[in-house]
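Geometric and topological summary
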Amino acid sequence: MMSSEESFIHGGTQPRPAQIGIVIRSPPPWPSKFSNQRELSKAEGKRPIEPSGSTSTNIAMNGITKQTSYEKALCMIDSAGKPLETVMMGLYNDGTVEEDDAAVTEMVEKRAGEQSATIIIEEETAAEIVEQRPKIERLNKAKQINGFILFVYRLTIMLRFIILCQFFRFRISRSVKNAHGLWLVSVICEIWFGVSWIFDQFPKWKPMTRKTNVNALRARFWNENEPCTLDPIDVFVSTVDPMKEPPLVTANTVLSILAVDYPTDKVSCYISDDGASLLTSETTILTASFARLWVPFCKKYKIEPRAPEVYFSKDLHCQKELKKRGGIFIKEWRVMKRWYGEFREQIKTYVDEAEKMPGDGWKMRNGVPWPGNDSQHHAGMIQVFLGPTGKKDVKENYLPKLVYVSREKNPTKPHHKKAGAMNALVRASGILSNGPYILNVDCDHYFNNSCALLEAMCFMMDPKLSRKICFVQFPQRFDGIDKDDRYANRNVVFFDVNMKGLDGLQGPAYVGTGCCFSREAIYGFYPISDEDYHDHVHDHREKFRSIIGRIKRRTKRLFQKKRLQRVPRSRAEISRAEITGAVNEDGHDDFQRYGDDAWLLLSQDNLKKRFGSSSLFMESTFMENGGLPPSANPAFLLDEAIRVVGCNYEDNCDWGKEIGWIYGSVTEDILTGFKMHTRGWRSIYCMPSIPAFKGTAPINLTYRLDQVMRWALGSVEILFSRHCPIWYGYGGGLYKLQRVAYINTVIYPLTSLPLGVYCVLPAICLISGKFITPTVDSETIVCYSMLFGSVIITGALENIWGGIGLANWWKNEQFWVIGGTSAHLIAVIQGLLKLMLRIDTNFTVTSKATNADGEDEFAELSIFRFGYVLLPPITIIFINILGLLTAISNAINYGHHQTMTVIAGKITFAVWVIVHFIPFLKGLRGKTKRVPTIICVWSFLLASMLSLLWVQVNSFIFDKTKTTPHH
Ligand SMILES: O=c1ccn([C@@H]2O[C@H](COP(=O)(O)OP(=O)(O)O[C@H]3O[C@H](CO)[C@@H](O)[C@H](O)[C@H]3O)[C@@H](O)[C@H]2O)c(=O)[nH]1
Ligand SMILES: [Mn+2]
């Protein structure tokens, strides 16, 4: 036992420590501290609490400064008993208890080799020691939004909820005698909207924002005096179709990654080419060589952004910079601009050449036929460029490794689209570089802020957070959107309101790009267990008990850790034990029984079932800090990497089911993030003031609706799958409100059904002369205006705390109606078809073609193809206009049979619907030359038929004398 303890502290080779043991000198004075803790919580955030004797102290712990009301400390002393380093354990005024595994391990590891021992000391001593240490700045800060606004916001939500209930009581109690069907339908729709509002609203209950401190990160992990201790990151870029995703766009993204502000030996960039295109491969080769010029230039002058296309297109900004930086810079800037021009031209020639495939297929520059000539049936291909063994840049510095991967494809095997591509990259990178973190971007999302990786690391390397975070998601921001964002491409309400709300719960959803993962979470491990972590409910008594339990457990674990020296570190202890199935509740004891390496052997079969047959890859999953397993033979790495991107590799193992990107939906992103959250991981939303990434958005209505339809379809797919948040993942780590949010994410397309119906109602009312309420009296008006009022007030308050404009909010509402009546509706139908007939859904990649050659930048905005998505909204518009016309002609022909208020109500109702479709109409207006006329005619006919039908059916069903619209 002694020897294993020794090896824990000393890495097995060092002399014995002078003293080992845990000493608790005095029993903790719990109860008295207790009331104090409460007071402190109250004062939280308002002002720092002064250290006052032994009850509350400011301590700085591994970069986190906090006020504590009670603390114990774990202290390492040298053989003379002099304290070397201290890690605090305690109850903090924000109600959390420091779970400092990371800190403890870090400390112990750092001190390995010194003559030292660990003891637990009491708080006064600890405080003294800590006070002598320089305070370290925190890496990040979580901030609740302004307390008053939050209070009012929550109040309006509650009020709105009450109003809603009242509204329904009112609506249900007053049925419409002469139009029972109409009334019933409208009430059902309204109830549906009400419920979906609840799903949408309550996950925004606790909005939160965060701030990072990149300088503190640099100071701690990447300063001049010490070797850099930042963790390596693998960056993934996915591309599939070089025609829709121009190579120049991809090349820019890659260049911005290679020039990122991060130690070069700790970044590797992987390109996944799902199209197996020679064009992409050649572009990559060219990009690698251009990077040797571009990267040193970026780093020398610290230019932003580091995607050359964008950088050189911002002429004005450059002019300013030119003046400021003066002579040499101007010269170099000009030279670089010319070089980039040449690079661009070269890619253009490649693209031109790639227009038409020669009869005998593509050939590489050396005359060898390109293996990917059949993009759906080809072997896996990997090419490695640059990196620590490759070419240096023109300043003789190494560049990050750049790897081109095209996974094997076979038409008989499902390739699972982007998710499949990502999983292949996860494995290939696990073998080639194995960074403990993975950041993925779509090929069009370049690094707009060269500090993006550092920003993510501010969370990932925070000792308190790191072992609970599965990913750090950045908002998606876009270039090249028309000024008034006609099709709500920016999605601001989602990115600046909903996601901030989720951050206050368990964390934002993964949105497919601009997201930094911990590899551990991708491998399906669980976060370090921490019962307290997700019950924020503060039963103080409970808390008190769990603290004692925690200290006991920790003490126990401390001993165990010493025993478990051979196991890489505690980080994945629990999760791995989970695979082996050899673990009891506490997560540890069984390790002992198996002895040092036995558990590894024991779990081989299970591991194979989980990770597939590559033992090298399996081994790599044990490397906690990344890097290649010691047994890896560099000569065979590439072969092994090719093997793991093979299309049979995933047979009979957990890829896509339990680990990696999860299959089964075209919105694999939502599913993947959800799966991680159900395991109890937390995620973080990071919004640097300079957007970290920027992409392109679909510019015209057709592409936008295609995209929205794909998203909705993905949601429907999840809704009908095993992974549906309504029934999946109970008893795990998913927070309740987080589940509500996920339910909302998958169920929203269904709302298109009542929405479609509701949009037709005003027309029906106008034509049939009936209404959804019996009369329009003052009570009705009050009821509806209260409802609308509360909607507007919550919206406005969301604007205030989310920092979005009212215009954006309105855009969002409009597009919600447009998308709802078109794309969502179709998606629901398609989803049902898929469910019943097992037709697979296809993935239409969004075109990222930028119109870089001047002309009218937004000419594309109005181009659209005919699509049946357009049919329902056009019909709705026509039918409503028809209704308005009928009403007016009726009024003229037959005089006022109904009171003015009723007519006004109906007309408002119809106009309200039509107003929502304005952007849609603008989208149609553009180039209505040939095909669209046909749709217009069709929709017009359809609308007329529907209205006529309604009148017929109507007079048939109801008593004619009473209900004929105009007798
Ligand atoms: O078989 C495929 C299909 C797509 N992709 C890549 O997946 C991404 C898809 O993006 P895009 O066509 O631009 O769709 P968007 O709707 O703009 O993408 C958003 O929504 C998708 C989910 O539908 C996410 O996967 C994306 O990350 C997210 O940016 C692109 O990088 C493609 O290269 C592949 O690698 N293989
Ligand atoms: Mn995209």
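This one's a predicted model, so the numbers in the text were calculated from it and none came from an experiment.

A separate point is the overall build of the chain. What the chain contains, in helices and strands, is 33 helices and 17 strands. Burial analysis of the chain (967 residues in total) assigns 56% to the buried set. Of the roughly 42200 Å² that the chain leaves accessible, carbon and sulfur atoms contribute 60%.

Core analysis: the largest hydrophobic core is formed by 75 residues, its most contacted members being Trp-294 and Phe-447. Apart from the residues lying within four places of it in its own chain, the contact partners of Trp-294 are Leu-255, Ala-259, Ile-303, Arg-306, Ala-307, Pro-308, Tyr-311, Phe-312 and Met-336. Core analysis: the second largest hydrophobic core is formed by 63 residues, Val-187, Val-666, Ala-712 and Leu-713 among them.

All right, on to the domain arrangement of the chain then. Domain annotation of the chain identifies domain 1 (227-528 + 642-699) and domain 2 (749-847 + 864-926). Placing the centre of domain 1 and that of domain 2 at their C-alpha centroids yields a distance of 39 Å. Counting residues at the interface gives 17 residues for domain 1 and 20 residues for domain 2. Roughly 1800 Å² is buried in total at the junction of domain 1 and domain 2, and carbon and sulfur atoms are behind 64% of that figure. In this structure, the connection of domain 1 to domain 2 is made through one residue pair in polar contact (both at pLDDT 80 or more). With five residues, helix α15 (residues 492-503) is the largest single contributor of residues to the side of domain 1 that touches domain 2. The residue inventory of the side of domain 1 that touches domain 2, partitioned by class, reads eight nonpolar, one polar and eight charged.

Right, let's get into helix α12 (residues 327-353). The α-helix advances 3.6 residues per turn, and as a result positions three or four apart in sequence lie on the same side. Over its 27 residues, α12 runs 40 Å from end to end, which matches the ideal 39 Å to within 8%, given 1.5 Å per residue. Of all the residues in α12, the buried ones are Phe-329, Trp-333, Met-336, Tyr-340, Phe-343, Arg-344, Ile-347 and Tyr-350.

All right, on to the pattern of salt bridges then. Tallied over the full model, the rule gives 28 salt bridges. Close ionic contact of Arg-171 with Glu-190 constitutes a salt bridge, the shortest N to O distance being 2.7 Å. Taken together, the residues span a long stretch of sequence, with Arg-171 in helix α5 (residues 147-173) and Glu-190 in helix α6 (residues 180-201) at a distance of 19 residues. Here Arg-171 and Glu-190 have matching classes, each one buried. In this structure, Asp-651 engages Lys-413 in a salt bridge whose closest nitrogen and oxygen atoms are separated by 2.8 Å. Here the residue Asp-651 occupies a position in the loop between α22 (637-644) and α23 (668-678), and Lys-413 occupies one in the loop between β10 (401-406) and α13 (417-432), the gap between them amounting to 238 residues. Accessibility expressed as a relative area gives 35% for Asp-651, which makes it partly exposed. Given a relative accessible area of 24%, Lys-413 falls into the partly exposed group.

According to UniProt, the "active site" (unreviewed entry) feature falls on Asp-274 and Asp-669. Mapped onto the secondary structure, Asp-274 falls in the loop between β8 (267-273) and α9 (278-301). Excluding its chain neighbours within four sequence positions, the residues that come into contact with Asp-274 are Thr-239, Val-240, Ser-375, Arg-407, Lys-409, Lys-417 and Ala-421. Checked against the element boundaries, Asp-669 lands in helix α23. Not counting residues within four places of it along the chain, the set of residues in contact with Asp-669 comprises Tyr-510, Val-511 and Gly-512.

The next thing to look at is the state of the cysteines. Counted under the stated rule, the structure contains zero disulfides. Looking at Cys-228, it has no disulfide partner, and the nearest cysteine sulfur is the one in Cys-458, 13 Å off. Cys-443 provides the cysteine sulfur closest to Cys-269, a residue in no disulfide bond, and the two sulfurs are 12 Å apart. A relative accessible area of 0% places Cys-269 in the buried class.

A few words on unusual backbone geometry. With glycine set apart, most residues show a phi of negative sign, and most peptide bonds adopt trans. With an omega dihedral of -15°, the bond running from Glu-304 to Pro-305 counts as a cis peptide bond. Tracing the backbone shows Pro-305 in the loop between α9 and α10 (308-313). Despite not being glycine, Lys-417 has its phi angle at roughly 50°, a positive value. With respect to the secondary-structure elements, Lys-417 resides in helix α13. A positive phi angle, close to 55°, is found at Asn-491, a residue other than glycine. If you trace the backbone, Asn-491 turns up in the loop between β14 (477-479) and α15. Taking the relative accessible area as the measure of exposure, Asn-491 reaches 17% and is therefore buried.

Reading across from one edge, β12-β17-β14 is the order of the three strands in this open sheet, with mixed pairing throughout. With partners counted over all chains shown, the strands left at the sheet margins are β12 (446-447) and β14, one partner each. Pairing of β14 with strand β17 (residues 693-696) involves three bridges; the strand directions are parallel. Bridging across to β17, Phe-478 finds its partner in Gly-695.

So, about the packing of aromatic side chains. In this structure the tally under the stated criterion is 40 aromatic pairs. The interplanar angle of 70° and the centroid separation of 5.6 Å between the aromatic rings of Tyr-758 and Phe-909 together place this pair among those described as edge-to-face. Of this pair, Tyr-758 sits in helix α26 (residues 752-768) while Phe-909 is found in helix α30 (residues 900-916), placing the two residues 151 residues apart along the sequence. Classification of Tyr-758 by relative accessible area gives buried; the value is 14%. Overall, Phe-909 belongs to the buried group, its relative accessible area being 12%. Following the ring pairs from residue to residue traces out a cluster consisting of Phe-290, Trp-294, Phe-297, Tyr-301, Tyr-311, Phe-312, Phe-329, Trp-333, Tyr-340 and Phe-343. Sitting over the ring of Trp-655, Arg-427 keeps its end group 4.9 Å from the ring centre.

Moving on, we come to a nonpolar patch on the surface. Side chains of Phe-720, Ile-829, Leu-832, Leu-833, Leu-835, Met-836 and Leu-837 sit close together on the surface and give an oily, nonpolar patch of about 640 Å² of accessible area. On the secondary structure map, Met-836 appears in helix α28 (residues 806-837). Residue classification places Met-836 among the exposed positions, given a relative accessible area of 60%.

Take the packing of helix α8 (residues 247-258) against α9 next. Taken N-terminus to C-terminus, the directions of α8 and α9 make an angle of 40°; their axes are 8 Å apart at the nearest point. Relative to α9, the element α8 is oriented oblique. You can see that α8 and α9 cross each other, and the crossing is right-handed. Contact with α8, carried on its side by Pro-247, Ala-251, Val-254, Leu-255 and Leu-258, involves Leu-279, Thr-283, Thr-287, Phe-290, Ala-291, Trp-294, Val-295 and Lys-299 of α9 and no other residues of that element. Class assignment for the residues of the contact of α8 with α9 results in ten nonpolar, two polar and one charged.

This next bit is on the pairing of strand β11 (residues 437-442). Of all six residues in β11, five are buried; the element is thus mostly enclosed. With six bridges connecting them, strand β7 (residues 233-239) and β11 associate as parallel partners. From the neighbouring strand, Phe-236 faces β11, where its bridge partner is Asn-440. Strand direction decides the pairing type here: β11 and strand β15 (residues 515-518), joined by four bridges, are antiparallel. Residue pairing across strands places Leu-439 opposite Cys-516, the latter belonging to β15.

Let us look at the UniProt feature "transmembrane region" (unreviewed entry) in the chain. In this numbering, the UniProt entry assigns the feature "transmembrane region" (unreviewed entry) to residues 148-168, 180-199, 746-769, 781-802, 814-833, 866-888, 900-921 and 933-953. Secondary structure within residues 148-168 divides into 100% helix and 0% strand; the distance between the first and last C-alpha atoms comes to 30 Å. Helix makes up 79% of residues 746-769 and strand makes up 0%, while its end C-alpha atoms are separated by 38 Å.

By secondary structure assignment, the location of Cys-189 is in helix α6. Since its relative accessible area comes to 4%, Cys-189 is described here as buried. If we skip the residues at most four places from it in the chain, Cys-189 touches Pro-754, Val-757 and Tyr-758.

What follows covers helix α25 (residues 736-747). Between its first and last C-alpha, α25 extends 16 Å over twelve residues, near the 16 Å set by a 1.5 Å rise per residue. Among the residues of α25, those classed as buried are Gln-738, Arg-739, Ala-741, Tyr-742, Ile-743, Asn-744, Val-746 and Ile-747. Looking at the buried positions of α25, the neighbouring elements they touch are α6, α15, α23 and α24 (701-719).

Reading the values: the criteria
Here the residue numbering is sequential within each chain, running from 1 through the sequence in written order. Each chain is given a letter, starting from A, and each ligand a number, starting from 1, according to the order in which they appear as written. Only residues with pLDDT of 70 or above have their local features reported here, since the model is predicted, and side-chain atom pairs are shown and tallied only from 80 upward, although totals for entire chains, interfaces and linings are computed over all residues. Each side-chain value is worked out from all heavy atoms of the structure, with water and hydrogens disregarded. A run of DSSP states H or I qualifies as a helix once it reaches four residues; a run of E qualifies as a strand once it reaches two. Both are numbered from the N-terminal end. Note on exposure labels: buried denotes an accessible area under 20% of the residue type's maximum, exposed denotes more than 50%, and partly exposed covers the range between, all computed with a 1.4 Å probe on protein chains only. To measure how exposed things are, a 1.4 Å probe is used in the Shrake-Rupley method; for residues, cover is taken only from the protein chains shown. We call a set of buried Ala, Val, Leu, Ile, Met, Phe, Trp, Tyr and Cys residues a nonpolar core when their side-chain atoms join them within 4.5 Å. Note on contacts: a residue pair is in contact if any heavy atoms of the two residues lie within 4.5 Å. Residue ranges for the domains originate in an automatic or database domain assignment. Summed over both partners, the accessible area (1.4 Å probe) lost when two parts come together is defined as the buried area. N or O atoms closer than or at 3.5 Å make up a polar contact, with two conditions inside protein: a donor-capable atom paired with an acceptor-capable one, and, for residues adjacent in sequence, both atoms drawn from side chains. Under the scheme applied, nonpolar residues are Ala, Val, Leu, Ile, Met, Phe, Trp, Tyr, Cys and Pro; charged residues are Asp, Glu, Lys and Arg; polar residues are all the others, including Gly. Expected span of a helix: the number of residues minus one, times 1.5 Å. Here, a salt bridge means any Lys or Arg side-chain nitrogen found within 4 Å of an Asp or Glu carboxyl oxygen. UniProt positions are given in the numbering used here, feature names are shortened, and annotations may be inferred rather than shown by experiment. Cysteine sulfurs are considered disulfide-paired once they come within 2.5 Å of each other. The criterion for strand pairing is that DSSP finds at least two bridges linking the strands in question. For Phe, Tyr and Trp, rings pair up if their centres lie within 6.5 Å, where Trp contributes its six-membered ring, and each pair is then called stacked (planes under 30 degrees apart), edge-to-face (over 60) or tilted (otherwise). Geometrically, a lysine NZ or arginine CZ counts as sitting over a ring once it is within 6 Å of the ring centre and also within 35 degrees of the ring normal. Only residues whose relative accessible area exceeds 30% and that take part in no salt bridge are eligible for patches, with like-charged residues grouped when within 9 Å of each other and nonpolar side chains (Val, Leu, Ile, Met, Phe, Trp, Tyr) grouped when within 5 Å. The axes are straight lines fitted to the C-alpha atoms, using for helices just the contacting stretch, and the angles between their N-to-C directions are given from 0 to 180°. Any angle that falls under 35 degrees is termed roughly parallel, while one over 145 is termed roughly antiparallel, one within 65 to 115 roughly perpendicular, and all others oblique. Each crossing gets its hand from how the near helix is turned against the far one by less than a right angle, where anticlockwise is left-handed and clockwise is right-handed.

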